[in-house]
Amino acid sequence: MAFKNYILVCAGTACESSKGIALYEALEKELKAQGVEGEAQLVKTGCFGFCEQGPIVKILPDESFYVKVGPEHAQQIVAEHIIKGRQVKELLYDKEQAAGTSSDSIDFYQKQQRIVLRNCGVINPEFIDEYIAREGYAALEKVIFEMTGDEVIEELKAAGLRGRGGAGFPTGIKWSFTKNTESDQKYIVCNADEGDPGAYMDRSTCEGDPHSVLEAMAIAGRTVGANQGFIYIRAEYPLAIERLENAIAQAREYGLLGDNILGSDFSFDIELRLGAGAFVCGEETALLASIEGKRGMPIPRPPFPAVKGLWGQPSVINNVETWANIPMIILKGAAWFSSIGTESTKGTKVFALTGKIKNSGLIEVPMGTTLREIIYDIGGGIPSGKKFKAAQTGGPSGGVLTEEVLDTPIDYESLQAVGSMMGSGGMIVMDEDDCMIDVTKFYLEFSVDESCGKCSPCRIGGRTCYNILDKISKGQGKMEDLDTLKDLAQAMRKASLCGLGQTTPNPIMSTINYFNEEYLEHINEGKCRAGKCKDLMAYTIVEDKCIGCTACARVCPVNCISGEVKAAHVIDQDQCIKCGQCFDKCKFDAILKG
Amino acid sequence: MAKMTLEELRNLRNSKKKEMTQRDGEKSAQIVIGMGTCGIAAGAKDAFDAFLDELNSHEIKDTRITQTGCMGLCFSEPTVEVAVPDMPRVIYGNVDAEVARRIVREHIIEKKLVSDHIFDKPAADIITD
């Protein structure tokens, strides 16, 4: 027999700040004392986020969400909620809005809102019927039979949807350029060439809800007068490719792609094109060249692809996340969509939250959510009680967001104002153990590798910047190097042919701006405070503290620690590779890092 | 199915909608496994096999196992959503083969939630119809 109530207590051992275990035991005792053990099951759960508000108790089935619950509240929760069925108001997360019994009552505490990811984790992506059952292809229906192209464009403009690939260009305006350009042949292109390190929003969308992209592309085809679409996707995404291909085949079988869709005069089909993984192919002109079978190199704009794109024809090109928004905007309307977000940026943004964060994962939040809400309420904060240092957004084209902007509502403009960018949605969290010079070097190395080499500011400028950063990380930097970096950055931004070169210096400028003192420490003092730059640090054994347990010597992979049992050990600095294993192993704090 | 007309699409949508709502009120249980790249990499296929095996060994025939995409809880993959009639739907994380077997024994058979593996659904559903 099932229980009437379920008391969920977040009692994860990973959650140091929470006193969940004591609370769990108190609740257990109370259930017994008040004789209602058979009424409610007490369950320990994994992390729910909101760690600063912990311990958290959630009661099912009514979804009551209690925060800052202590063992002293156990008696009350059992007596009131379990026995009398009344919520304990003062413990509710949102005291104004009591939880109801409907499933959407979880709205009131959750920071996420899923528009793009509405079907991910809900439907079986390999069955078109499940997509159709959740209003799938209803937007296409509406566009074909009830709306004119101009009406669709007006709806998108009114909704305020902006390109989610990173640049944030208004989607409705882009479509209107293509619609208003006379041509016998037009194309619709989906950019699924996701390349930023740590970003996987588009992969998950294509894997979890491929039809949302197909439907949106068909909507664009109808709107601008195109009958052919291409999805450009990286060959490294085999599962996404498989599910897209399967989805295209099913849509064709149902007559939702192909000739005379749903018996109308509108015909539209989609094909996949696989990219070989060059980062620059995410840039739209390089992407189009690659679809045409040419080498993926950018060309100067204008003309923009919306006017002169694939094979010289007007082409709408949008990113996966932008596409996935569109069916919902058509169905629920511009007013609904524009009610979400900030003044300048409407809707939601999907972020791939990774790095030094407890609950890494794919999140979708309304624009205007603060970094603090993302990192602490959703992400659960930094593991091991370390201190937050920065979050990197925008990948190799972006910059860092520091503690100062934790409470800034996120949108395209606010991120740009602090020297970073929205980017495609990678968000890498860094803590005090991360060195900003090391991180910057990583991004530069990436951009240098991925430069196509066509224009010299990017090809030579990027390499030169990297070499200077490398010098600084080895303690060989000079003060004038910082000026050289700034000059090079300026030149690359102005003179590079495409977005790749123009934005390669962004991580440098952003870190020099916010973490100047770390650059100065590396240059003037030869010191890396995070201990990441191996040339600037050493592990040494403090003689007085070492008891000669030999643990460090046994774990050393290059056998450079010597010493007798029960006598102080010594590290051979010439042989040491600074892996830090001895430091982690020592139980007596006898090894110094620095 | 052959190519559809507008009316056929609408009929299909309505009948599938009904089917999915009915499924919620059904007598049988449902197990939905997150099988995006992240889930599979974390061992979702092992969990899938363990569910099948454990259900078979208890001769449970009316529980459906299906797959879905990524729920976004990458830190706790593989993730599984379990719906048993008259019990709240819950999401389990870190479901390896052993946890999958526990879910069948404790949740599906004994009608109790499985401790230490419940996570929160990330957001409310925007598709309400």
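Quick notes on the rules
Residues numbered from 1 in each chain as written. Chains lettered and ligands numbered in written order. Predicted model: local features only at pLDDT ≥ 70, side-chain atom pairs only at ≥ 80, totals over all residues. Helix = DSSP H or I, 4+ residues; strand = E, 2+ residues; numbered from the N terminus. Rg over C-alpha atoms; globule rule 2.2 N^0.38 Å. Contact = placed C-beta atoms within 7 Å. Pairing = 2+ DSSP bridges. Axes fitted to C-alpha atoms, helices over the stretch in contact; angles between N-to-C directions. Parallel < 35°, antiparallel > 145°, perpendicular 65-115°, else oblique. Nonpolar A, V, L, I, M, F, W, Y, C, P; charged D, E, K, R; others polar. pLDDT = per-residue confidence, 0-100. Expected span 1.5 Å × (residues − 1). Bend = angle between axes of the 7 residues up to and from the residue. Buried ≥ 20, exposed ≤ 12 C-beta atoms within 10 Å, placed from the backbone. Left-handed = near helix turned anticlockwise from the far one by under 90°. Core = buried A, V, L, I, M, F, W, Y, C linked by C-beta atoms within 7 Å. Arc of directions from axis to C-beta.

On to the overall build of chain A, then. On a plain count of helices and strands, chain A comes out with 22 helices and 17 strands. Whereas a compact globule of 594 residues would reach a radius of gyration of roughly 25 Å, chain A reaches 28 Å, a difference of no more than 12%. Considering only C-alpha atoms, chain A reaches an extent of 85 × 75 × 40 Å along its principal axes. Restricting the contact set of chain A to residue pairs at least 6 apart, pairs at least 24 apart contribute 69%.

So, about the sheet that holds strand E11 (residues 388-393) of chain A. Residues and elements named next belong to chain A. Spatial ordering of the open sheet is given by E10-E9-E13-E11-E12, a layout of five strands whose pairing is mixed. Edge strands, defined here as strands with exactly one partner in the open sheet, are strand E10 (361-366) and strand E12 (399-402). Strand-to-strand, the axes of this sheet are offset by a mean angle of 35 degrees, without reference to chain direction. As defined by bridge partners, E11 adjoins strand E13 (residues 426-431) across five bridges and the pair is classed as antiparallel. Bridging from a neighbouring strand, alanine 390 pairs with methionine 430 of E13.

A word on the packing of helix H4 (residues 138-145) of chain A against helix H8 (residues 210-224) of chain A. The relative placement of two packed helices comes down to the angle between their axes together with the axis-to-axis distance. Residues and elements named next belong to chain A. Their axes nearest at 9 Å, the elements H4 and H8 cross at an angle of 10 degrees. Taken as axis vectors, H4 and H8 run roughly parallel relative to one another. Contacts between H4 and H8 pair Ala139, Leu140, Val143 and Ile144 from the former with Glu215, Ala218, Ile219, Arg222 and Thr223 from the latter. Classifying every residue of the contact of H4 with H8 by side-chain character gives six nonpolar, one polar and two charged.

Residues and elements named next belong to chain A. The linkage connecting leucine 60 with the following residue, proline 61, adopts the cis geometry, with an omega of 5 degrees. Inspection of the secondary structure assignment puts proline 61 in the loop between strand E3 (57-60) and strand E4 (64-66). In this structure, glutamate 63 is a non-glycine residue whose phi angle is positive, near 65 degrees. Here glutamate 63 lies in the loop between E3 and E4. For asparagine 559, which is not a glycine, the phi torsion comes out positive at approximately 50 degrees. With respect to the helices and strands, the residue asparagine 559 is situated in the loop between helix H21 (551-555) and strand E15 (561-562).

On to the confidence of the model for chain A. Residues and elements named next belong to chain A. Model confidence for chain A is summarised by a mean pLDDT of 91, while 96% of its residues fall at 70 or above. The lowest-confidence element of chain A is E4, averaging 86 in pLDDT; the highest-confidence one is H8, averaging 98. Per-residue pLDDT stays below 50 along residues 99-106; that stretch engages in 17 contacts with residues further than four places along the chain or on separate chains.

Glancing now at the sheet that holds strand E7 (residues 269-275) of chain A. Residues and elements named next belong to chain A. Sheet architecture is open: four strands sit in the order E7-E6-E5-E8, paired in parallel fashion. Taken across any chain shown, the strands that pair with only one partner, and hence form the sheet edges, are E7 and strand E8 (315-319). Recorded for the sheet is a direction-independent mean angle of 20 degrees between the axes of neighbouring strands. In this sheet, E8 lies alongside strand E5 (residues 187-192) in parallel orientation, the contact comprising five bridges. Considered in E8, the bridge of cysteine 190 is made with asparagine 318.

What follows is about helix H4 (residues 97-109) of chain B. Residue and element names in this part refer to chain B. Between its terminal C-alpha atoms H4 stretches 17 Å, which fits the 18 Å expected from 13 residues at 1.5 Å a residue. At isoleucine 103, H4 shows its maximal kink, close to 25 degrees. In this structure, the buried side of H4 is in contact with helix H3 (44-57), strand E3 (80-83) and strand E4 (90-92). At the exit of H4 stands lysine 111, carrying a positive phi of roughly 60 degrees.

The subject of this paragraph is the environment of asparagine 227 of chain A. Residue and element names in this part refer to chain A. One can find asparagine 227 in the loop between H8 and strand E6 (228-234). Accessibility expressed as a C-beta count within 10 Å gives 16 for asparagine 227, which makes it partly exposed. C-alpha separation for the pair asparagine 227 and glycine 275, spaced 48 residues apart in sequence, amounts to 22 Å. With near-sequence residues (within four places) excluded, asparagine 227 lies in contact with Gly221, Ser267 and Phe268.

So, on to the packing of H4 of chain A against helix H11 (residues 320-332) of chain A. Residue and element names in this part refer to chain A. With their axes 8 Å apart at the nearest point, H4 and H11 run at an angle of 60 degrees to one another. Like other packed secondary-structure pairs, H4 and H11 cross with a definite hand, here left-handed. Contacts between H4 and H11 pair Ala138, Ala139, Lys142 and Val143 from the former with Pro327, Ile330 and Leu331 from the latter. Of the residues belonging to the contact of H4 with H11, the class tally is six nonpolar, no polar and one charged.

Let us look at the pairing of E12 of chain A. Residue and element names in this part refer to chain A. Where E11 meets E12, four bridges bridge the pair, whose relative direction is antiparallel. By the bridge assignment, threonine 393 is partnered in E12 with glycine 399. Where E11 folds back onto E12 in an antiparallel hairpin, the turn is made up of five residues, including glycine 394, whose phi is positive at roughly 85 degrees.

Turning our attention to the nonpolar core. Residue and element names in this part refer to chain A. Counting 205 residues, the largest nonpolar core has Ile7, Val9, Leu27, Met217 and Ile219 as the members making the most contacts within it. Tallying contributions element by element places H8 first for this core, with eight residues. Each residue touching leucine 27, except ones within four places of it in the same chain, is listed here: Ile7, Val9, Leu42, Ala74, Ile77 and Val78. Among the nonpolar cores identified, the runner-up in size contains nine residues, and Tyr539, Ile571, Cys586 and Ile591 belong to it.

At the junction of the two partners, chain A supplies 55 residues and chain B supplies 47 residues. Mapped by element, the contributors of at least two residues to the side of chain A that touches chain B are strand E1 (5-10), strand E2 (40-45), helix H3 (128-133), H4, helix H7 (201-208), helix H9 (238-253) and E10 of chain A. Of the residues belonging to the side of chain A that touches chain B, the class tally is 25 nonpolar, 16 polar and 14 charged.

Quick look at helix H5 (residues 149-159) of chain A now. All names here are of chain A. Along H5, the residues that are buried comprise Val152, Ile153, Glu155, Leu156 and Ala159. Each buried residue of H5 sits inside an arc of 155 degrees when the element is viewed along its axis, so together they form one side. On its buried face, H5 sits against H4, helix H6 (171-179), H8, H11 and helix H12 (334-338). At the exit of H5 stands glycine 160, carrying a positive phi of roughly 80 degrees.

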